[in-house]
Amino acid sequence: MIYPVIWQNDSVLLIDQTRLPDEYIVVEIHRSEDMAEAITTMIVRGAPSIGVAAAYGMYLGAREIETNDNQEFLTKLESVANLLRSTRPTAVNLFWAISQMMRTAYETVGTVVEIKQTLLETAAKINTDNFQTCQAIGDYGLAALPITPDQLIILTHCNAGALATGGYGTALGVARSAWKAGRLARLYADETRPRLQGAKLTAWECVQEGIPVTVITDNMAAHCMKQGLIDAVVVGADRIAANGDTANKIGTYSLAIVAKAHNIPFFVAAPLSTVDFQLTDGSQIPIEERHPEEIYQVGKTLITPPGVEFYNPAFDVTPADLITAIITENGAFPPGDLLLAKGKMSESRYPGLKDCAD
Ligand SMILES: CSC[C@H]1O[C@H](OP(=O)(O)O)[C@H](O)[C@@H]1O
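Residues numbered from 1 in each chain as written. Predicted model: local features only at pLDDT ≥ 70, side-chain atom pairs only at ≥ 80, totals over all residues. Heavy atoms only, no water.

A. Looking closely at the pattern of salt bridges. Applying the stated rule across the entire model yields 16 salt bridges. Here R31 ties to E64 by a salt bridge, and the two come within 3.6 Å at their closest N and O atoms. Remark: E64 occurs in the loop between α2 (47-62) and α3 (70-85) and R31 occurs in the loop between β3 (26-29) and α1 (32-40); sequence separation between them is 33 residues. For R31, a relative accessible area of 34% puts it in the partly exposed group. With relative accessibility at 38%, the residue E64 sits in the partly exposed group. Two residues, E294 and R195, come together in a salt bridge whose shortest N-O distance is 2.9 Å. Pair noted here: E294 is in helix α10 (residues 293-296) and R195 is in the loop between β5 (184-190) and α7 (197-209), with a separation of 99 residues, a long-range link. (Salt bridge = Lys/Arg side-chain N within 4 Å of Asp/Glu carboxyl O. Helix = DSSP H or I, 4+ residues; strand = E, 2+ residues; numbered from the N terminus. Buried < 20%, exposed > 50% of the residue type's maximum accessible area, 1.4 Å probe, protein only.)

B. Examining the domain arrangement of the protein chain more closely. Segmentation of the protein chain into domains returns domain 1 (5-133) and domain 2 (146-344). If you average the C-alpha positions of domain 1 and of domain 2, the two centres end up 25 Å apart. Between domain 1 and domain 2, the contact holds 26 residues from the first and 31 residues from the second. Summed over the shared surface of domain 1 and domain 2, the number is one salt bridge. In this structure, R88 engages E288 in a salt bridge whose closest nitrogen and oxygen atoms are separated by 2.9 Å. Our enumeration of links across domain 1 and domain 2 arrives at 14 residue pairs in polar contact (both at pLDDT 80 or more). Counting only elements with at least two residues in the side of domain 1 that touches domain 2, the list comes to α2, α4 (92-107) and α5 (112-144). Looking at side-chain class alone, the side of domain 1 that touches domain 2 contains 13 nonpolar, 11 polar and two charged residues. (Domains from an automatic or database assignment. Contact = heavy atoms within 4.5 Å. Polar contact = N/O pair within 3.5 Å; in protein donor to acceptor, adjacent residues only side chain to side chain. Nonpolar A, V, L, I, M, F, W, Y, C, P; charged D, E, K, R; others polar.)

Pasting the structure below:
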């Protein structure tokens with residue numbers, strides 16, 4: 001099993017996702033500042049993964065605060081939270097995880113030393129819970145997939161796999177569950193310009209586990225659908241508004257339009273910690289813009305002449321009416337029924353779910 005974020009020997013180990021598939025490099029993170037850098041530079045990436053990473057980053061910052069005064073500790077911990085909040089704006093899981101860690105710090109009755117220990121335990125719980133959540137998403141997704149006489153071909157976009165989560169994956173979790181159940185013939189993976197998470201990361205995960213995978217360029221998806229090669233599209237999410245509008249990797253919106261045009265079911269797979277119930281619709285989701293170098297440079301090759309300008313939004317928003325169902329750890333729901341999905345979650349699990357403030 002692939003775990004992108006591991007606590008070991010008093011430090012956080014991250015699979016460096018910028019080095020895959022050529023090299024499998026693990027980096028050790030000891031300080032919150034280095035964790036923030038790892039999130040910003042996408043050494044660790046994927047909405048749930050950066051939530052887990054931020055949670056451990058909160059602990060790494062907390063353990064460096066030298067005081068026995070609880071109020072001074074909490075004030076300084078807010079500074080750690082603000083540093084981690086400044087890394088990437090779109091994935092609400094980052095803000096949700098930080099919110100859980102701050103809630104833990106405020107609600108733990110004890111010494112600063114005891115609060116620090118509880119913070120480490122909370123980060124570990126967010127990590128292991130996400131793995132279990134993804135397994136539930138995978139199994140509910142399997143049940144939601146179309147029933148076909150033959151095995152299915154699923155198309156996915158970017159990487160919503162084990163690398164993007166606490167393990168197992170969301171969209172790839174559905175593919176894994178279908179593969180284990182003998183219902184998946186093959187996964188088609190959009191390469192996903194400009195960062196190529198599909199070609200580099202989704203393909204790598206499939207090869208590691210012997211799941212048949214075909215990589216296509218993003219502009220081939222419509223042709224594949226027209227040829228009848230695709231039975232369903234399953235993607236991840238970075239932030240979902242209360243009405244089901246979903247922010248995900250750039251290119252997801254056009255994929256949803258093409259799926260609709262070909263009457264192919266389009267699923268979003270995401271934990272409920274990805275739903276921002278404070279947003280009424282997708283127009284309020286902040287969209288990260290990244291450095292244009294990601295567009296004009298592929299490896300060491302420059303692909304555009306000097307003198308051009310660039311626009312590099314890392315995400316787009318798919319309207320709820322293009323989404324067949326949102327698959328959560330509590331089941332698959334129409335995009336407009338997310339409050340019903342949340343209602344099925346025991347409040348005691350994450351009381352802070354409702355305050356995923358940025
Ligand atoms: C499990 S959902 C992961 C989600 O995050 C990715 O974005 P990035 O690679 O920029 O962190 C992509 O949108 C995936 O669908």
